[in-house]
Amino acid sequence: AKKIGIITSGGDAPGMNAAVRAVVRYGISLGYQMVGIRRGFKGLLEDDFATLTLRSVSGIINTGGTFLHTGRCPETKTKAGMNRAVRTIKELDLSGLIIIGGDGSLAAGNALTKFGVKVVNIPASIDNDIYGTDETIGYDTALNTAVEAIDKIRDTATSHDRIFVVEIMGREHGFLTLDVGIAAGCEFIVVPEMKPNMKKLALELTKGKERGKTSEIIAFAEGYGCSDDFADEIAKLTGLEVRVSNLGYIQRGGRPTARTRILASKFGVEAMKLFHAGKYNRLVGITNGKITSAPIQSVIKREKKFNEAEFKLLRTLSV
Ligand code: F6P
């Protein structure tokens, strides 16, 4: 049987396991032998892999993290690293590689295509920052985790009449922060895409208090800068009590939501369908509710747009 490698790389995201399960089981149903590469691209550099059977992927649809393990692998950015990876792929006699991960994994996938390796990329990241898909694997789970956490923080904020700055992950983007803000009813969001006027923001916070608001929560994207400095400035400008809570890595882990699992399953199947049909070097995605795919070449250097209309909507609704 033809062999296909499967790899999870970059930051882990809930639902990666559900995607691996779908790729492996659908791949086997099409007659392929599936080989799991361990610890991300390090597995290709250090010969760390194993054949995956139908039973290898039992009991993982509901687990966070990635059972294949993962890693950030700077060597994928070097020619020597790529040569080594390609050598392993040839030695293993892999017909191609299914790569599950974020933008670093997409870049690595793109680089591999230049060496003639056939790849299909599946977008997985809690940041939802990949052009070519409306949603990434893990995003809905991280969103729900953050919203649940802010619901709890709201109790303290209200009881103490405090302002809270809650720091949300998302690398240099505010996509996760925007959706968290809408869903948790945050009064403001602070994102790198739309820098606030600090004086105006402080005035709005004060006015909110005057309108009878007991708590005010600012969802703060990590990409904006230092949340402690930001909170200090707000405290100075408003004279109000401000606290910071950094949600941190709880956003990366945990049981994937049903929505994440379904997306991961569909992406996994689509990736193998594409491969089987000879449509390589593509990124799987979802666009307006439909499973889609696009050439990696066409998505690799493009930036997803921040939704300014929703940013404004948040303010209208949280007044
Ligand atoms: O890409 C996911 C993410 O959690 C980002 O939100 C964050 O900026 C980054 O990974 C942290 O990466 P690491 O865990 O490798 O330091």
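Residues numbered from 1 in each chain as written. Predicted model: local features only at pLDDT ≥ 70, side-chain atom pairs only at ≥ 80, totals over all residues.

Per an unreviewed UniProt entry, the protein carries the name ATP-dependent 6-phosphofructokinase and comes from Endomicrobium proavitum. In the Function (unreviewed entry) part of its UniProt record, the protein is described as follows: "Catalyzes the phosphorylation of D-fructose 6-phosphate to fructose 1,6-bisphosphate by ATP, the first committing step of glycolysis." In the Cofactor (unreviewed entry) part of its UniProt record, the protein is described as follows: "Mg(2+)". (UniProt positions renumbered as here; feature names shortened; annotations may be inferred.)

A. Inspection of the sheet that holds strand β11 (residues 290–295) at higher detail. Taken together, the seven strands give an open sheet; going across it, the order is β3-β2-β1-β4-β5-β10-β11, and neighbouring strands pair in mixed fashion. The outermost strands of the open sheet, each flanked by one partner alone, are β3 (49–52) and β11. In this sheet, adjacent strand axes meet at a mean angle of 25° when their direction is disregarded. The pairing of strand β2 (residues 33–37) with β3 spans four bridges and is antiparallel. Considered in β3, the bridge of Gly36 is made with Ala50. Sheet strands touched by helix α1 (residues 16–29): β1 (3–9), β2, β3, β4 (94–101) and β5 (119–123). Its angle to β1, the strand with the most contacts, is close to 175°. The strands that helix α9 (residues 258–276) touches are β1, β4, β5, β10 (282–287) and β11; relative to β5, the one it contacts most, it runs at about 165°. (Pairing = 2+ DSSP bridges. Helix = DSSP H or I, 4+ residues; strand = E, 2+ residues; numbered from the N terminus. Axes fitted to C-alpha atoms, helices over the stretch in contact; angles between N-to-C directions. Contact = placed C-beta atoms within 7 Å.)

B. Expanded view of the UniProt feature "binding site: Mg(2+)" (unreviewed entry) in the protein. Feature annotation in UniProt assigns "binding site: Mg(2+)" (unreviewed entry) to the following positions: Asp103. Looking at where Asp103 falls in the secondary structure, it is placed in helix α4 (residues 103–113). Apart from the residues lying within four places of it in its own chain, the contact partners of Asp103 are Asp129 and Ile130.

C. Fine view of unusual backbone geometry. Positive phi, normally seen in glycine, also occurs at Asp161, with a value near 50°. Locating Asp161 in the fold gives a position in the loop between α5 (139–159) and β6 (163–168). Accessibility expressed as a C-beta count within 10 Å gives 13 for Asp161, which makes it partly exposed. Its identity is not glycine, yet Asn288 carries a phi of approximately 50°, on the positive side. Among the secondary structure elements, Asn288 is positioned in the loop between β10 and β11. What makes Asn288 exposed here is the crowd of 6 C-beta atoms within 10 Å. (Buried ≥ 20, exposed ≤ 12 C-beta atoms within 10 Å, placed from the backbone.)

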